[in-house]
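Coordinates in review
Given next are the chains, with one letter for each unit.
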Amino acid sequence: MSKEKIYLFDTTLRDGAQTQGVDFSIQDKIKIAKALSNLGIDYIEAGWPGANPLDTNFFKSQPETKNSTIVAFGMTKKHGRSAGNDPGLSSLLDANTKSVCVVGKTWDYHVDIALQITKDDNLINIKETAKHFLKHNKEFMFDAEHFFDGFKNNKEYALTCIKTAYDNGARWVVLCDTNGGTLPHEISEIVHEVNKIIPGNNIGIHAHNDTENAVANSLAAIIAGARQVQGTLNGLGERCGNANLVSIIPSLLFKNYFKDKFEITVDEDKVSTLTDCSRLLDEILNRKPNNRAPYVGSSAFAHKGGLHVSAVQKDPKTYEHIQPELVGNMRSIVISDQSGKSNIMARLEKLKITINSNDEKVQKILDEVKDREFAGYSYDGADASFELLTRRLLGQIPNYIKIKNYEVKVVKQDKVSNNLNSVAKATLVIDGKEYICEGEGNGPVNALDQAIRTNLVNIGKYSEYLSDLKLIDYKVRILNTGTNAVTRVSIESTDTSNESWFTIGVSPNIIEASFKALIDSIDYKLYKSKAPASSK
Ligand SMILES: [Zn+2]
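This section reports on the structure supplied with the text. (Residues numbered from 1 in each chain as written. Predicted model: local features only at pLDDT ≥ 70, side-chain atom pairs only at ≥ 80, totals over all residues. Heavy atoms only, no water.)

Turning our eyes to something else, we now look at the overall build of the protein. Within the protein, the regular secondary structure consists of 19 helices and 18 strands. Principal-axis analysis of the C-alpha atoms places the extent of the protein at approximately 85 × 65 × 45 Å. For the protein, the proportion of its 536 residues judged to be buried stands at 53%. In the structure as shown, the protein presents an accessible area of about 25,000 Å², 48% of it carried by carbon and sulfur atoms. In the protein, the 65 positive side-chain charges and the 67 negative ones have mean positions that sit 3 Å from each other. (Helix = DSSP H or I, 4+ residues; strand = E, 2+ residues; numbered from the N terminus. Buried < 20%, exposed > 50% of the residue type's maximum accessible area, 1.4 Å probe, protein only. Areas by Shrake-Rupley, 256 points an atom, 1.4 Å probe, with all protein chains shown as cover. Lys, Arg positive; Asp, Glu negative; His and termini not counted. Charge placed at Lys NZ, Arg CZ, Asp CG, Glu CD.)

Here's what the structure looks like:
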C-alpha cells in the first residue's frame, strides 16, 4: 500500500517572528531557512513582503533552499479595490516566490466587526484574490483565520468561505485555530466535516498552543484527514506559541500509527539534524534551550536513580520511547543521591575512564559523591566538577594554581551616598612564585571574580591557557532556609573551542561557594588544555 504524504509547513520566520522579544535579522532568517531546508521541510513561510523592509529585502535575496519552497505571506484583497490594484497583493507578487499564503476571514463575527463589510463582500475578496494569484501562476494557499471559532459560530458561512477558496483554485485551505482555544476532540469533528466538501490532500492545519494542545490538535487533524501541518521550531510564536514542529516531525516519522500510513520529506537521515535545528533557534534568540523539550531536550533521555540506570544500560528501551540518536540527541546519566555503583560506572565510561567496577576506588568515588550531595552538591549537569572530583580521586589531576589566601571587603564610603564598593585581593602560587591579584566589583562575589579573572593573563605560565576562558552563566541557589542556609553556586564557562562546561561550589558562605566553582572552572580549563603541573 502506498503511503500518503504529509506536507510540512514551517512558519517560524513569519508567525514565530511576530513573537514578543523576537527580532530576527536577515542573516538570522537565512540561517534558519537553510536549516529548515536541510531538515526537509516542504514549505518555509518566510515573512510578509511589503509589511516591513526586512521581509521585503529577504525576498529580494532569497537563500538557496533545495528541499523547500519559500512562501510569501499576505492577506486577501481589500474591499473596494480590484485585486490587480491592491498594493498588498502586488507586494506578494513582487516577492517572486512559487507559493503564496494569504490569510482571510472565515468567522462571520470578524467580517461584521473587524472588516465591517457584508458577508458576501468577504466571499468576493476571497474569490478575487484566489483568481488573481492563479492568473499569475502562483501556488495559492488560503489561510482560514479563526476557522474553528467561525465554524462553531456559523458553520455554513465558515464552510462557504473555504469552499470559495478551494473552488477558485486554492492548492491548500489551511484551517487556523488562531486563538488556540480548540481541543483535540473538536478539531477531529470539525476537520471531518470539512473533509466532506474538500479533499484531505487540500486541507492544512495551523494550531496555536493556548491550551497546550497544539501538537495534539495537529495530529488529530491529520488523523481526521488534513495532509498539511503547520508549525514552528520549538513552538515559537505569539502568546503560548504555535504547534511545535520539533515534536510533530519525529512523532510522524517514528510512531507506528503515522509511520505506517504516511510519509514525510524529513527522512530518517535528515531527522538526525533535528536537535541541532532546535538549538540553532535558541542560539539565535540567545535563549537557554528547554531541557524538558520532548525529543530534543537535554533531559529528554536523562536517567537518574540506580535502578533506572542499570536497566537502561541493559536495554535502553526499558525507559526510552525512541533512541535519542535518531533525532540527534544523547542519552545522559544523571548522578544523584540515590545513585548506585552503576551510575558511577556509566559516568566513568562516558569520561572514557576504564576501571573495574570492583575496584575500591569506584566505591571511594561513590562515597565522596554521596557525602558531597549530602552537603548540598549536585552533580546533575555539573559535568566538569564531577570529572575533576573523579580524576582527583584517581590521582589524574596535577596541582595547578594554589590559592594561598584571599580577602574581600565591602565598603560603604559615606552615609550620604548609597555607593557600596567591593574590593577583593587573592594571592595565587604557581611554581613557588606568588601572584597578587586585585579586583573591584559591584558586589563581593563580582569583585573576587574580577580579581582572579582579569588577572588570568598575568599569571605566568598559565596565562596562555586561560586567555580565552569566559564565564557564560552564574547561578546561585540557597539550599535551606534559616541560619543554616547553604549556598550552591554553579558556573557555566566556555572558551574559543565553543565547548561549555559546568562547575559547582557549595559552602555556607556565598563567596567561598563562588570561589570553589570558579577554581573548578579554571582547573578544568587547564586540565582540558593539557597545561603542565605547578612545581610547588
Ligand atoms: Zn498563527
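After that view, the rundown keeps rolling.
We now examine the packing of helix α15 (residues 360-375) against helix α16 (residues 383-393). In the contact formed by α15 and α16, the axes pass within 10 Å of each other and the chain directions differ by 135°. By the criterion of interaxial angle, the relationship of α15 to α16 is oblique. Like other packed secondary-structure pairs, α15 and α16 cross with a definite hand, here right-handed. Contacts between α15 and α16 pair K364, I365, E368, V369 and R372 from the former with F386, L389, T390 and L393 from the latter. Within the contact of α15 with α16, the residues separate by chemical class into 5 nonpolar, 1 polar and 3 charged. (Axes fitted to C-alpha atoms, helices over the stretch in contact; angles between N-to-C directions. Parallel < 35°, antiparallel > 145°, perpendicular 65-115°, else oblique. Left-handed = near helix turned anticlockwise from the far one by under 90°. Contact = heavy atoms within 4.5 Å. Nonpolar A, V, L, I, M, F, W, Y, C, P; charged D, E, K, R; others polar.)

To continue, consider the sheet that holds strand β17 (residues 487-494). As summarised here, the arrangement of the 3 strands in space is β16-β17-β18, forming an open sheet in which the pairing is antiparallel. Because the sheet does not close on itself, it has two edges, and the strands there are β16 (470-478) and β18 (500-507). Strand-to-strand twist of the sheet, defined as the mean angle between neighbouring strand axes without regard to direction, takes the value 15°. (Pairing = 2+ DSSP bridges.)

Glancing now at the packing of aromatic side chains. All told, the structure shown has 16 aromatic pairs when counted by the stated rule. Note on Y7 and W172: the rings are 5.1 Å apart at their centroids and 65° apart in plane angle, and the pair reads as edge-to-face. Taken together, the positions of Y7 in strand β2 (residues 7-10) and W172 in strand β7 (residues 172-177) put the pair 165 residues apart, joining distant regions of the chain. The exposure class assigned to W172 is buried, which follows from its relative accessible area of 0%. One aromatic cluster in this structure is built from Y7, F9, Y43 and W172. Lying across the ring of Y257, K261 places its NZ or CZ 3.7 Å from the centre. (Phe/Tyr/Trp six-rings, centres within 6.5 Å; stacked < 30°, edge-to-face > 60°. Lys NZ or Arg CZ within 6 Å of the ring centre and 35° of its normal.)

Now for the sheet that holds strand β13 (residues 402-412). The sheet built from 3 strands is open, its strands ordered β13-β14-β15 with antiparallel pairing. Strand pairing shows two members of the sheet lacking a second neighbour, β13 and β15 (433-441), which therefore form its edges. Between one strand and the next, the sheet's axes are offset by a mean angle of 15°, whatever the strand orientation. As paired elements, strand β14 (residues 420-430) and β15 share 9 bridges and run antiparallel to each other. In the sheet register, V429 faces β15, and the bridge partner there is E434.

Glancing now at the nonpolar core. Ranked by internal contacts, the top residues of the largest apolar core, which has 88 residues, are F24, F147, I162, L175, I249 and L252. Residues within four places of I162 in sequence aside, it is in contact with T106, F142, A144, F147, V173, L175, V194 and I198. Counting 35 residues, the second-largest nonpolar core is a separate cluster that includes I401, A426, L469 and W501. (Core = buried A, V, L, I, M, F, W, Y, C linked by side-chain atoms within 4.5 Å.)

Moving on, we come to a nonpolar patch on the surface. Taken together, L471, Y474, V476, I478 and I510 make up a surface patch of nonpolar side chains, about 380 Å² in accessible area. Tallying contributions element by element places β16 first for the nonpolar patch, with 4 residues. Among the structural elements, V476 can be located in strand β16. A relative accessible area of 39% places V476 in the partly exposed class. (Patch = residues over 30% accessible without salt bridge, like charges linked within 9 Å, V, L, I, M, F, W, Y side chains within 5 Å. Salt bridge = Lys/Arg side-chain N within 4 Å of Asp/Glu carboxyl O.)

Bringing helix α10 (residues 245-254) into the picture now. Three- or four-residue spacings in an α-helix give side chains the same orientation, since the helix completes a turn every 3.6 residues. The element α10 is largely enclosed, with a buried count of 10 among its 10 residues. Within the sequence span of α10, burial applies to L245, V246, S247, I248, I249, P250, S251, L252, L253 and F254. For α10, the elements touching its buried residues are β2, α1 (26-39), α9 (214-223), β9 (228-231), α11 (256-261) and α12 (274-285).

Further remarks concern the environment of T496. Considering the arrangement of structural elements, one finds T496 in the loop between β17 and β18. Take T496: its relative accessible area is 65%, and that puts it in the exposed class. Distance in space between the C-alpha atoms of T496 and E45 is 35 Å, their sequence separation being 451 residues. At 2.5 Å, the side chain of T496 and the side chain of D468 are in polar contact. (Polar contact = N/O pair within 3.5 Å; in protein donor to acceptor, adjacent residues only side chain to side chain.)

What follows covers helix α2 (residues 53-60). What α2 keeps buried is the set D55, F58 and F59. Along α2, the residues classed as buried sweep out an arc of 95° about the axis, all on the same side. Pointing more than 90 degrees away from the buried face of α2 are the exposed residues P53 and K60. Turning to α2, the residues buried within the fold contact α1, β3 (43-47) and β4 (69-75). (Arc of directions from axis to C-beta.)

A few words now on the pattern of salt bridges. In total, this model carries 28 salt bridges according to the counting rule given. D520 serves as the salt-bridge partner of R392, at 3.2 Å between the closest nitrogen and oxygen. Separated by 128 residues along the polypeptide, R392 in helix α16 and D520 in helix α19 (residues 510-528) bring together distant segments of the chain. Under the relative-accessibility criterion, D520 is labelled buried at 10%. Each of D468, D495, E499, K525 and K528 takes part in a single network of salt bridges with overlapping partners.

With distances of 2.0 to 2.2 Å, the protein atoms coordinating the zinc ion are D15 (OD), H206 (NE2) and H208 (NE2). Here the donor residues for the zinc ion map to a single chain with the spacing D-x190-H-x1-H. Neither H206 nor H208 differs from the other in exposure class; each is buried. (Donors = N, O, S within 2.8 Å, 3.2 Å for Na, K, Ca; no water.)

Phi at N234 is positive, roughly 55°, even though this residue is not glycine. Take N234: it is sitting in the loop between β9 and α10. Positive phi outside glycine occurs at R239, with the angle close to 50°. Mapped onto the fold, R239 is located in the loop between β9 and α10.

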